[in-house]
Amino acid sequence: MQAFEYANPSTLQEALSLLGNRWGEVDVLAGGTDLLPLMKDEIHTPRRVVNIKNVKELGGIQSTKAGLRIGAAVTLEELLQSALVRKTYPALADAARGIASPQIRNMGTVGGDLCQRPRCWYFRNGFGLLARDAGGQALVPGGENQYHAILGNSGPAYFVSASLLGPALIAYNATVKLASASGSRDVPVEKFFVTPQNDSSREIALLPNEIVTGIVIPSAVTRSATYEVRQRQALDWPLAAASVVLRMKGATVAGARVVLGHVAPTPWVSEEAAQALAGKAINEETATEAGKAALAGATPLSQNAYKVQLARVAVKRALLQAARGRA
Amino acid sequence: MNQPKEPGDPKRLRSGFSRRGFIRGVGIGSGALGGAVLHEEALAEPPAAAAGVAGPGAVSITLQVNGKPQALNVEPRVTLLDALRNHLNLTGAKKVCDRGTCGACTVIMAGKVVYACNVLAIDAQGKNIQTIESLSTGSRLHPVEAAFVRHDAQQCGYCTPGFVMAAKNFLDKNPNPTMQQIEHGLSGNLCRCGTYVGMRQAVLEASKAMKGGPRA
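Residues numbered from 1 in each chain as written. Chains lettered and ligands numbered in written order. Predicted model: local features only at pLDDT ≥ 70, side-chain atom pairs only at ≥ 80, totals over all residues. Heavy atoms only, no water.

Asker: What exactly am I supposed to notice about helix H13 (residues 306–324) of chain A here?
Answerer: All names here are of chain A. For H13, with 19 residues, the first-to-last C-alpha span of 28 Å sits near the 27 Å given by 1.5 Å per residue. At its buried positions, H13 is contacted by helix H5 (90–97), strand S9 (223–229), strand S10 (240–249), strand S11 (252–261), helix H11 (271–277) and helix H12 (284–294). Trailing H13 by a residue or two, glycine 325 shows a phi angle of about 70°, which is positive. (Helix = DSSP H or I, 4+ residues; strand = E, 2+ residues; numbered from the N terminus. Expected span 1.5 Å × (residues − 1). Contact = heavy atoms within 4.5 Å.)

Asker: What should I look at first to understand empty space enclosed by the protein in this one?
Answerer: Think of a ball as big as a water molecule: rolled over the atoms, this probe shows where empty space is left. In total, this model carries two cavities of 30 Å³ or more according to the counting rule given. The space that makes up the largest cavity amounts to roughly 60 Å³. Along the walls of the largest cavity sit Asp113, Leu114, Gln116, Arg117, Pro118, Ser161, Ala162, Ser163, Phe193, Glu203 and Ile204 of chain A, which together make up its complete lining. In terms of residue class, the lining of the largest cavity is made up of five nonpolar, three polar and three charged. Around the second largest cavity, the lining residues are Leu29, Ala30, Gly31, Gly32, Leu36, Lys53 and Met107 of chain A together with Asn118, Val119, Leu120 and Asp123 of chain B. Of the residues assigned to the lining of the second largest cavity, the class counts are six nonpolar, three polar and two charged. (1 Å grid on protein atoms, 1.4 Å probe; cavity = no way out; pocket = protein on both sides within 12 Å on 5 of 7 lines; lining within 4 Å. Points joined across faces, edges and corners; volume = space filled by probe spheres on them. Nonpolar A, V, L, I, M, F, W, Y, C, P; charged D, E, K, R; others polar.)

Asker: Sorry if this is basic, but what is going on with the sheet that holds strand S12 (residues 268–269) of chain A here?
Answerer: Sheet strands pair by backbone hydrogen bonding; their relative direction is either parallel or antiparallel. All names here are of chain A. Taken together, the four strands give an open sheet; going across it, the order is S9-S10-S11-S12, and neighbouring strands pair in antiparallel fashion. With one partner strand each, in any of the chains shown, S9 and S12 form the two edges of the open sheet. The sheet strands contacting H5 are S9 and S10, and the helix crosses S9 at an angle near 20°. (Pairing = 2+ DSSP bridges. Axes fitted to C-alpha atoms, helices over the stretch in contact; angles between N-to-C directions.)

Asker: What is the right way to look at the sheet that holds strand S3 (residues 48–51) of chain A in this model?
Answerer: Reading across the sheet, the four strands line up as S2(A)-S3(A)-S1(A)-S1(B) and stay open at both edges, with mixed pairing between neighbours. A single partner strand is all that each edge strand has here, and the edge strands are strand S2 (26–29) of chain A together with strand S1 (53–54) of chain B. Inspection of the sheet shows S2 of chain A paired to S3 of chain A by four bridges, in the parallel sense. In the strand pairing of S3 of chain A, leucine 29 of chain A is matched with asparagine 51 of chain A.

This is the structure in structure tokens:
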């Protein structure tokens, strides 16, 4: 890890004044569960690290008129322990519970989950976000791509979004609140994740001089769930995941949001699955069809066709779980 | 996960002391390495100077470790794990992956289990830090430690201190656990020898001993 100067602000305004205008100058430290490994591998080499754990404005979970507000520095364990979250937003609680490491849940934060860098091993080994060789040739399509994207992978990005909470937040139509020294702005979580077009840009809409301050999830009476398919039970990112939110009219679906995780460079909103479910009751057959519809456009790479079936099953099981209404 | 085959030289060269970076540097030649470092230096302009920042040189900090204040002088980049092991001579917490994925460095900070390799020492100030060294009193083992011995819950032993700390914290919060809760509660620690069966039995037994049952 390269040496850096450490700032420990206690107010948001002070924290914002410490940020840089270009990526690479300053990193924001919350839980550190992603940032410290990135710095040890010198994928990130900031001159300054700004600890935001002592900024009061970034904490807390509150019910507001606009919905549930979750502070960016709320830990994943605090999120999971919130009775309000577990009762009202089970898809979010499911995703937090899936982070199967008490140590990560105790330190990792909601804002950090959204801002964590991709797990792509080319990126983590210094080949850049778009993983190209010295001649500009993409390494992933002909390389070790078993954990890479099966949707939205026509280039230039092939990694999968690492965010565990993103799909659920998008399914709930949540908004992420960003602040800079010159003001604040709200971005739908769906628009927060972007496919980078070059190595110097990021996979999120955050600017270098901004901090994620919180999330707002609109209130709604819905059924929802997240289902993750994992290689093992402990300490790993899912191979595929699906978050679903259902608005029911009697026994049939009036509206559905189906968002897949870990299959594309961003969380993947499937309009196809939502359309397949419209006006139908949720049962084994309709849930299976929705899973098929969600993956109909999949374009697996040389080593990851297995993920297509895993993602179909994730959609099906998330739908069945949501329909059962398990809180 | 396994590392991929290396398909060629990376565009980005590391300037640190990693073995990988060293090998790459040698392979490419020191001239190319130096050039790349200069290029990076030019890109990353230092941000505007600010008051109230510490480092990058060594700074004085105080850590509350096993009930005692410990003063030390460390750079902000020093992790809690390195501070414990290299500065305070507390080598119970093990440095295995150093990337927050194995759990061998688990300590209890402010009542919660954390990976000491993923916490900056400077960030751990003002919090009670408990390490494996604090568990036994004299020759009297903590019930979790005693149960690990009785159930032969280790082979090479590298993961053991982290597992014991994770188990202790888990039992403090879940005095009557089911086997399923034990599995989920200890899911942040790995054992490459595969002694999970013995460890789960040990944790179950320790849960009874800690409630005043027969001590091992």
